[in-house]
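Analysis of the macromolecular model
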Amino acid sequence: LRTAAVIPAAGRGVRLGPGAPKALRTLGGVPILVHAVRAMAAARAVQVIVVVAPPDGATEVRALLDAHGLPESTDIRVVPGGEQRQDSVRLGLAALPDDVDVVLVHDAARPLVPVETVEGVVAAVRGGAPAVVPGLPLADTVKSVDPASGAVTGTPQRALLRAVQTPQGFERDLLAKAHATVTQDVTDDASMVEQLGVQVLVVPGHEEAFKVTRPLDLVLAEAVLARRRAHGH
Ligand code: CTP
Ligand code: MG
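Residues numbered from 1 in each chain as written. Chains lettered and ligands numbered in written order. Predicted model: local features only at pLDDT ≥ 70, side-chain atom pairs only at ≥ 80, totals over all residues. Heavy atoms only, no water.

Section: the confidence of the model for the protein
- Of the residues in the protein, 100% reach a pLDDT of 70 or more, and the chain-wide mean stands at 97.
- Helix H2 (residues 58-67) is the least confidently modelled element of the protein, averaging 96 in pLDDT, while strand E11 (residues 168-171) averages 99, the highest of any element. (pLDDT = per-residue confidence, 0-100. Helix = DSSP H or I, 4+ residues; strand = E, 2+ residues; numbered from the N terminus.)

Side note on the pattern of salt bridges
- As enumerated under the stated definition, the model contains 11 salt bridges in all.
- The partner of Asp-66 in a salt bridge is Arg-62, and the shortest N-O contact between them spans 3.3 Å. Note that Asp-66 and Arg-62 are positioned in helix H2 at a spacing of 4 residues, about one turn of the helix.
- Several salt bridges converge on common partners, so that one network encompasses Arg-2, Asp-75, Arg-77 and Asp-99. (Salt bridge = Lys/Arg side-chain N within 4 Å of Asp/Glu carboxyl O.)

Quick word on the site of ligand 1
- Around ligand 1, a shell composed of 18 residues is seen, among which Pro-8, Val-14, Glu-83, Ser-88 and Lys-211 lie nearest.
- Within the backbone of Pro-8, a nitrogen or oxygen atom sits 2.8 Å from an oxygen atom of ligand 1.
- Contact distances for ligand 1 include 3.2 Å between an oxygen atom and a backbone N or O atom of Ala-108.
- Surface burial for ligand 1 is 87%, taken as the share of its 560 Å² of free accessible area covered by protein chains.
- Across the shell around ligand 1, the residue classes tally to 6 nonpolar, 5 polar and 7 charged. (Near = heavy atom within 4 Å. Polar contact = N/O pair within 3.5 Å; in protein donor to acceptor, adjacent residues only side chain to side chain. Areas by Shrake-Rupley, 256 points an atom, 1.4 Å probe, with all protein chains shown as cover. Nonpolar A, V, L, I, M, F, W, Y, C, P; charged D, E, K, R; others polar.)

Laid out in structure tokens, this is it:
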């Protein structure tokens, strides 16, 4: 049985500002999506990749991946995505071959995730945890607020919080069930599994697995990439 990575890359990247869809913008001259696909393909634990392209961009994305010469050893498929991230992930799951039993969901917008983080998530799922997310302690104190007035309604104890990243890893049947039954708006896949009452495990994330969301994140990503290249990676 094989492990697959579904890479949702269909978002527009509104918070990054005007321009091409976020996954197609470049980092060190290479599209963000290509970095993300390479990061997944670099993990020996991953044998299948499903890229979820912008709804009208599947042909362009296929051509882009072919042009960047990705490893022959990985089975890479491209499907068009949907309106919301959840829709895109669901469409990606529908394109998985039958012999996949473990699925990672990895944001294309996290192009620099280290291979150790990917392998760690797969190992935890293969080790018996049905749902696994990489996470890091927070630097900032977090408040809940009344968004209308700005009034603070609470301060969760920081030591009990984790900022979670991707790849998030799941037993395939569990994630498929979550996507078939949970209809609420959510911002990650693990929260859908939580709603089924299944325990989710947090394993160590990595600073370099940060999400490229706003313009400053691109500055950081370029710097991380330059540092890697200076060290011969
Ligand atoms: N995504 C997707 N389909 C959507 C929306 C998002 O596949 N309809 C993907 C994005 O391409 C990204 C990941 O989900 O790789 C995480 O989403 P986010 O960082 O929010 O990216 P965008 O939605 O593109 O950015 P924004 O919210 O700023 O528009
Ligand atoms: Mg978004």
